Amino acid sequence: MYNIAVMVQNFSVEYADMIINGIYRYFADKNDCRVYFVQTSDPHSKDGTYDYQYWASIEYLKSKVIDEIIIVSNTYCLYKTKEEFKELIRPFFAKKII
């Protein structure tokens, strides 16, 4: 079984909802892969009281369970510089990234 994670900054915006639904529809009839949708917001941020919960998502994406990661990048690039975004996804460079 092939495991794909979709990394999304925030599930609650219409744009992300459209992307998630499109990915879901594409993979709906693919029996040889599983897709995990992961809301990550700003991993390892110390701003919010409960932001530590996003850390677990990032650690899961780094695990050997996930074969490939689809990153909905423009939702991150709205709030991060190119260099900050590159640092955010650096732990995934050993995986296939879309």
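Okay, so let's go over this structure.

Considering the environment of Asn74
- Inspection of the secondary structure assignment puts Asn74 in helix 3 (residues 74-77).
- C-alpha of Asn74 to C-alpha of Ala16: the two residues are 58 residues apart in sequence and 9.9 Å apart in space.

Re the nonpolar core
- Met7, Leu61, Ile69, Ile71 and Phe92 are the most contacted members of the largest nonpolar core, which totals 13 residues.
- Elements with a minimum of two residues in this core: strand 1 (2-8), helix 2 (53-62), strand 3 (68-71) and helix 4 (82-89).
- Per element, the largest residue contribution to this core is three residues, and it comes from helix 4.
- Discounting chain neighbours no more than four positions away, the residues touching Phe92 are Met7, Ile58, Leu61, Lys62, Ile69 and Ile97.
- With ten residues, the next largest nonpolar core counts Val6, Ala16, Phe27 and Val72 among its residues.

Focus: the sheet that holds strand 4 (residues 96-97)
- Reading across from one edge, 2-1-3-4 is the order of the four strands in this open sheet, with parallel pairing throughout. Strands with a single pairing partner mark the edges of an open sheet, and in this sheet they are strand 2 (33-39) and strand 4.
- Bridging between strand 3 and strand 4 involves two bridges; their strand directions are parallel. Along strand 4, the bridge assignment pairs Glu68 with Lys96.
- Sheet strands in contact with helix 1 (residues 14-27) are strand 1, strand 2 and strand 3, and its direction is about 170° off that of strand 2.

Structural notes on the packing of aromatic side chains
- Applying the stated criterion across every chain yields a total of two aromatic pairs.
- Taking the centre distance of 4.9 Å and the plane angle of 85° together, the rings of Tyr26 and Phe27 count as edge-to-face.
- What makes Phe27 buried here is its relative accessible area of 16%.
- Consider the rings of Tyr36 and Tyr60, whose centres lie 5.9 Å apart with planes at 75°: the pair is edge-to-face. Here Tyr36 is found in strand 2, whereas its partner Tyr60 is found in helix 2, with 24 residues between them in sequence.
- On the accessibility criterion, Tyr36 (25% relative accessible area) is partly exposed.
- In this structure, Lys30 is placed above the aromatic ring of Tyr26, and the distance from its NZ or CZ to the ring centre is 4.2 Å.

Some points on the pairing of strand 1
- For strand 1, the buried fraction is high: six of the seven residues fall into the buried class.
- Note that strand 1 and strand 2 share seven bridges and pair parallel. Along strand 2, the bridge assignment pairs Met7 with Val38.
- For the segment spanning strand 1, helix 1 and strand 2, crossover handedness is right-handed.
- Pairing of strand 1 with strand 3, which is carried by four bridges, proceeds in the parallel orientation. Residue pairing for strand 3: Met7 is matched across the bridge by Ile71.

Calculation criteria
Residues numbered from 1 in each chain as written. Predicted model: local features only at pLDDT ≥ 70, side-chain atom pairs only at ≥ 80, totals over all residues. Heavy atoms only, no water. Helix = DSSP H or I, 4+ residues; strand = E, 2+ residues; numbered from the N terminus. Core = buried A, V, L, I, M, F, W, Y, C linked by side-chain atoms within 4.5 Å. Buried < 20%, exposed > 50% of the residue type's maximum accessible area, 1.4 Å probe, protein only. Contact = heavy atoms within 4.5 Å. Pairing = 2+ DSSP bridges. Axes fitted to C-alpha atoms, helices over the stretch in contact; angles between N-to-C directions. Phe/Tyr/Trp six-rings, centres within 6.5 Å; stacked < 30°, edge-to-face > 60°. Lys NZ or Arg CZ within 6 Å of the ring centre and 35° of its normal. Right-handed = clockwise from strand over helix to strand, strands pointing away.

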